[in-house]
Amino acid sequence: MLAKHWKKIGLVILIVACVFNVMSKLINKLSLEKEMLTSATYMYEQNKNNK
């Protein structure tokens, strides 16, 4: 059975791997953007308080 359907099984595994890869990149990008905004806000407040 496996020998008969190995191409379809491989294709399904490849599609699932690609979906997980794209989702993980999107999740990490959003959290990086949030971290950058938080850091910029903190630096702005520190600079404002020092003046």
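All of the points below concern the structure found in this document. Here the structure is a predicted model, which is why all the values come from computation and not from measurement.

### Examining the overall build of the chain
So, step 1. In terms of regular secondary structure, the chain is built from one helix and zero strands.
So, step 2. Relative to the globule expectation of 10 Å for 51 residues, the C-alpha radius of gyration of the chain, 22 Å, shows a markedly less compact shape.
So, step 3. Its C-alpha atoms give the chain principal-axis dimensions of about 75 × 10 × 5 Å.
So, step 4. Across the 51 residues that make up the chain, the buried fraction comes to 0%.
So, step 5. In the form shown here, the chain has an accessible surface area of approximately 5300 Å², with 70% of it arising from carbon and sulfur atoms.

### A few points about a nonpolar patch on the surface
So, step 1. On the surface, a nonpolar cluster with roughly 760 Å² of combined accessible area is contributed by Leu11, Leu14, Ile15, Val19, Val22, Met23, Leu26 and Ile27.
So, step 2. By secondary structure assignment, the location of Leu11 is in helix α1 (residues 6-50).
So, step 3. For Leu11, a relative accessible area of 49% corresponds to the partly exposed category.

### Overview of the environment of Thr41
So, step 1. Within the secondary structure layout, Thr41 lies in helix α1.
So, step 2. Note on Thr41: relative accessible area 48%, which makes it partly exposed.
So, step 3. As for Thr41 and Leu2, which are separated by 39 residues in sequence, their C-alpha atoms are 56 Å apart.
So, step 4. A polar contact is formed between the side chain of Thr41 and the backbone oxygen of Leu37, at a distance of 2.8 Å.

The rules behind the values
- Residues numbered from 1 in each chain as written.
- Predicted model: local features only at pLDDT ≥ 70, side-chain atom pairs only at ≥ 80, totals over all residues.
- Heavy atoms only, no water.
- Helix = DSSP H or I, 4+ residues; strand = E, 2+ residues; numbered from the N terminus.
- Rg over C-alpha atoms; globule rule 2.2 N^0.38 Å.
- Buried < 20%, exposed > 50% of the residue type's maximum accessible area, 1.4 Å probe, protein only.
- Areas by Shrake-Rupley, 256 points an atom, 1.4 Å probe, with all protein chains shown as cover.
- Patch = residues over 30% accessible without salt bridge, like charges linked within 9 Å, V, L, I, M, F, W, Y side chains within 5 Å.
- Salt bridge = Lys/Arg side-chain N within 4 Å of Asp/Glu carboxyl O.
- Polar contact = N/O pair within 3.5 Å; in protein donor to acceptor, adjacent residues only side chain to side chain.

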